[in-house]
Each structure stands twice: as structure tokens, then as C-alpha cells.
Amino acid sequence: ALRLIPLLQHHSSKFIVRKSRFGLTDVGDLSPEDMKKIRYLSLIELTAFYDALGVELKRNRAERVRGRENGLFGVPLTILLENDQKKVPGIKVPLIFQKLLLKLEETGLETEGILRVPGSASRVKNLHQELEAKFYEDTFDWDQVRNNDAAGLLKMFIRELPSPLFTVEYLPAFITLVEKISKIKLQLQALHLLIMLLPEANRDTAKAFLQFLKKVVANEGKNKMNLWNVSMIVAPNLFIYKGKRANQQEMQAAATTAHIVRLLIRYQDILWTVPSFLISQVRKTNEAAMNNSKRQLMFDKGVRKLLRRKTMERERPERPESDIPEGVIRVYAPLHSKVSMAIQLNSQTKAKDILARFHCENSRGSSQNTRGQIQSLHEIGGNIGQHCLDPDAYMLDVYRANPQAEWVIKPKAS
């Protein structure tokens, strides 16, 4: 089961994720390869979880949806991101979606009825056409866009995605968690695993959207949009049914999907944290794969001889490096003026202590490269692809879980 602890505050139930000695890991803190394994393991866990509750985990057949190959609206998220990454490498949320959210955050959060009061249909249609023509040329005039029109374009973008943001495949599983599971703690556990299951592009875009909706609700005093209003308005755009009986199904699911959106907005801080037991399973999976490939190599004597010779060549100049005593790690910081340091760990050393030590050593001759960037300690290799560590992670525990890792200080991926 997931480690969710209820804390009673002001007589209303609040949930947090318990911090282990490894700290908390956000979905963006692991390598894409390890996140694929998290998705696979989450499906196994969710199936077992529903089974234990006597609930059937229904899944729709994943349809191969053909959307447009270019443009902004009606384009599959993955294709949109591929196009955007040519312009901004490493981007995780489509540029047009980011721009619409930014426009609304800058000027629309206090607008009364934002998301509820529609913009002018003809204006929204014209803006839509103009965006398609001018957005990538950077010639679109954002000052002409009224807040309610921007909200209309935002809802249109989500509605016109060829596949729903929360996927066709897991739509029944989202509905089931509200209709068949009554305890909120269990609903959140199921929801947490479902979020882990989403494809990366869907999850990152949903995260940006939910963070925006949380800001809308936080400004309820000015915009008159409470959690209930926002959920009711947004749900039909997120949980879209296609086909002949679409309207009827949507009407039946309206209250249920609004409840899901309420949970998503209210408890989102829990949902982007990768459960620690899944990370340990990923470590075990990676270790098993490493051991298998080692065994495979052992069969080939020629490869063994070659490896032995290569290892000897590689180790000769770096003899002292391999004699690092237990509990001492060498930390690399390629962007700092002092690029590496051996650090003795004790049971209280945290990742933030190592960062502070580098910062202190480098504060005089600080490199131009590191200014204005938030640096993080990364665990790389061994039984994990790449893991950006929580500043509160106890390093001796992480080191013991992965003694073969390298430790590198670099900016956290945004």
C-alpha cells in the first residue's frame, strides 16, 4: 500500500506523503527510462490494489488516434512536443499551452467567473486561426487577448486533443475509483498510481494545468471560482467520451468526473511524488538486468579477456581513486571552479550539506555557469538511471542502496 498519512488539521482531513530517509522524489527527478519502469510497476500495483478491494480494473482498448501532424490545436501531445523541442530543447509542456497558462496567471486569476464566463465565440474562433498562423513566427499579439477568450482557448486546446489528457485507456479506472471505492484515503492511493501510469507528455501537461487550477481556486475571493465551480467546468473537457453514446455517457459521468478533478486539484502535491517502494523496485529491476548481462558476458571468454585488459588499462593511472574507503564518496561538480571533492559521510549527512560545502568552497571563485541556477545533487548509474536527490535525503542511506553510483552536482532539469 502507498504510504499516505492522514493529518487532522482544522477538523478536515489532510494527507501527506511520509518522507523516508531517501527524501521525496518528484516525477521529474528520475530518468525517462526509470519512469517507464515506474509506469509498468504502477500497473501491476494498481491491478493488485483493485483486486484486494474486490474492484475490477477495467481498461479501454488504447485507440490509435491520428491527429494533425503540425499546428497547435488537435495535434497529439507527443508530436506537439517534438515540434516544440526543435525550438526549445528539453521542453516538457507544449509551448502554446504554457503561453495560455502564463497569460491567464498574469492577468486573469482575479477576473470574476474566469473559466466559467465564456469569451465571445467569434473572437475565440478568430484568435484560434490567428494563433495557428502566427504563433511559431512570434508575431502574434497577446495584448489583444481578453482573459475570458484566453480561458476559452485553453479549454479548446484540451478538448481538441486527439486523445484525452487522462487517456482513453484508463478512463474507466478513474471513474471506478470514485464509484466503487468510498474511503478517500483509498481513492487517493488509486489516483496516485493512475497518475504514475500516465504517459510522460500527458502527466507533465496535466501537472501544469492542475497547478494553474490551484491558483484559480486560491483567488476565489476575487474571481468567485471555488473548488466545486472549477471542477464542474473543467471535468467535461478532461474526461471526454467519443462515439455515438458520448453525450449520454458524459451526462452520467458528470458528477463523478467533477469529483475526480476536485481530488486532483486538492491533493496534487501528493500525486507528483513517486512512491518510495516503487523506486526500490526499480533499483531491484535494474540490478537484476545488470547481473543478467554480467552472466551473459561470463560465457564469452574472449570478451572476458578483453574486459580484463581494458579494466587494467583504465585503472592504472587512477589507482588511488579505487581505494576510496567505505562511506567516503567523491562528488563531481563540473560547473564549479572546484570540480571534485571527497566527502566522508556519517548517518546525519544530507544532500543539502554536500551542496552547502561546495557552495562555500566555490563562493570566492564562483563560475559564471552556476550563477542564477538552482544546483542539485544527482545520483547517476549503478542501479538507477539518474536520480535528482531531495536536499533532505540522508546520503549514507542512498550510498548504501547504490554503492556503484556516481555523485554529480548540476542544475535540476526544469
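Cut-offs used in this document
- Residues numbered from 1 in each chain as written.
- Predicted model: local features only at pLDDT ≥ 70, side-chain atom pairs only at ≥ 80, totals over all residues.
- Heavy atoms only, no water.
- UniProt positions renumbered as here; feature names shortened; annotations may be inferred.
- Helix = DSSP H or I, 4+ residues; strand = E, 2+ residues; numbered from the N terminus.
- Buried < 20%, exposed > 50% of the residue type's maximum accessible area, 1.4 Å probe, protein only.
- Areas by Shrake-Rupley, 256 points an atom, 1.4 Å probe, with all protein chains shown as cover.
- Pairing = 2+ DSSP bridges.
- Axes fitted to C-alpha atoms, helices over the stretch in contact; angles between N-to-C directions.
- Contact = heavy atoms within 4.5 Å.
- Expected span 1.5 Å × (residues − 1).
- Parallel < 35°, antiparallel > 145°, perpendicular 65-115°, else oblique.
- Nonpolar A, V, L, I, M, F, W, Y, C, P; charged D, E, K, R; others polar.
- Salt bridge = Lys/Arg side-chain N within 4 Å of Asp/Glu carboxyl O.

Per an unreviewed UniProt entry, the protein chain goes by Rho GTPase activating protein 28 and derives from Otus sunia. According to the UniProt record, the Function (unreviewed entry) comment for the protein chain is "GTPase activator for the Rho-type GTPases by converting them to an inactive GDP-bound state."

Colleague: Would you mind showing me how to read the overall build of the protein chain here?
Modeller: When helices and strands are counted, the protein chain shows 16 helices and 7 strands. Residue burial in the protein chain is summarised as follows: out of 414 residues, 45% are buried. Counting every atom, the protein chain has about 22300 Å² of accessible surface; 52% of that belongs to carbon and sulfur.

Colleague: Would you mind showing me how to read the pairing of strand S7 (residues 406-411) here?
Modeller: With 2 bridges joining them, strand S3 (residues 328-332) and S7 adopt parallel strand pairing. Pairing of Val331 across the sheet is with Trp407, part of S7. For strand S5 (residues 375-381) and S7, the ladder comprises 6 bridges, and the chain directions are antiparallel. Considered in S7, the bridge of Gln375 is made with Pro411.

Colleague: Teacher, can you tell me more about unusual backbone geometry here?
Modeller: Excluding glycine, most residues fall at negative phi; most peptide bonds, likewise, are trans. Despite not being glycine, Leu115 has its phi angle at roughly 80°, a positive value. Note that Leu115 resides in the loop between helix H3 (95-107) and helix H4 (121-134). Exposure remark for Leu115: the relative accessible area of 1% places this residue in the buried category. The phi angle at Lys224 is positive, at roughly 60°, despite the residue not being glycine.

Colleague: I'm lost on the sheet that holds S3 in this one. Help?
Modeller: Working definition: the strands of a sheet are paired by backbone hydrogen bonds and lie parallel or antiparallel to each other. Strand order in the open sheet formed by 5 strands is S4-S3-S7-S5-S6, and the pairing between neighbours is mixed. With one partner strand each, in any of the chains shown, strand S4 (340-344) and strand S6 (384-388) form the two edges of the open sheet. Averaged over neighbouring strand pairs, the angle between their axes works out to 25° when direction is ignored. Judged from the 4 bridges that link them, S5 and S6 form a sheet pairing that is antiparallel.

Colleague: What is the right way to look at the environment of Pro32 in this model?
Modeller: With respect to the helices and strands, Pro32 occurs in helix H1 (residues 32-52). Distance from Pro32 to Gln386, taken between C-alpha atoms, is 8.9 Å for residues 354 residues apart in sequence.

Colleague: So what exactly am I meant to see when it comes to the side chain of Ser231 here?
Modeller: In this fold, Ser231 is placed in helix H10 (residues 227-238). Sequence-distant contacts of Ser231, defined by excluding residues within four places in its chain, comprise Ala258, Val261, Arg262 and Ile265.

Colleague: Is there a simple way to think about helix H7 (residues 184-197) in this case?
Modeller: Side chains of residues three or four places apart in an α-helix project in the same direction, reflecting 3.6 residues per turn. Helix length check: H7 (14 residues) gives 20 Å between terminal C-alpha atoms against 20 Å at 1.5 Å per residue, within 8%. Here H7 lies mainly inside the structure; 11 of its 14 residues are buried.

Colleague: Explanation requested: the packing of helix H2 (residues 77-87) against helix H8 (residues 200-218) in the structure shown.
Modeller: Angle between the axes and distance between the axes: these two values describe a pair of packed helices. Two elements in contact, H2 and H8, have axes whose closest approach is 9 Å; the angle formed by their N-to-C orientations is 80°. One element, H2, and the other, H8, form an angle in the roughly perpendicular class. Residues Leu77, Thr78 and Leu81 of H2 touch H8, and the partners they reach there are Ala201, Asn202 and Thr205. In the contact of H2 with H8, the residues fall into 3 nonpolar, 3 polar and no charged.

Colleague: It is not clear to me how the pattern of salt bridges should be interpreted in this structure. Could you clarify?
Modeller: One side chain can pair with another of opposite charge once the charged atoms of both are near each other. Going through the model one piece at a time under the given rule, you end up with 17 salt bridges. For Lys19, the salt bridge goes to Asp390, with nearest N and O atoms at 3.2 Å. Of this pair, Lys19 sits in the loop between strand S2 (12-17) and H1 while Asp390 sits in the loop between S6 and helix H16 (395-401); the two residues are 371 residues apart in sequence, bridging distant segments of the chain. Here Asp390 falls in the buried class, since its relative accessible area comes to 10%. Here Asp26 and Lys207 are joined by a salt bridge, their closest N and O atoms 3.2 Å apart. Highlighted residues: Asp26 in the loop between S2 and H1 and Lys207 in helix H8, separated in sequence by 181 residues. Of the residues examined, Asp26 reaches a relative accessible area of 23% and is grouped as partly exposed.

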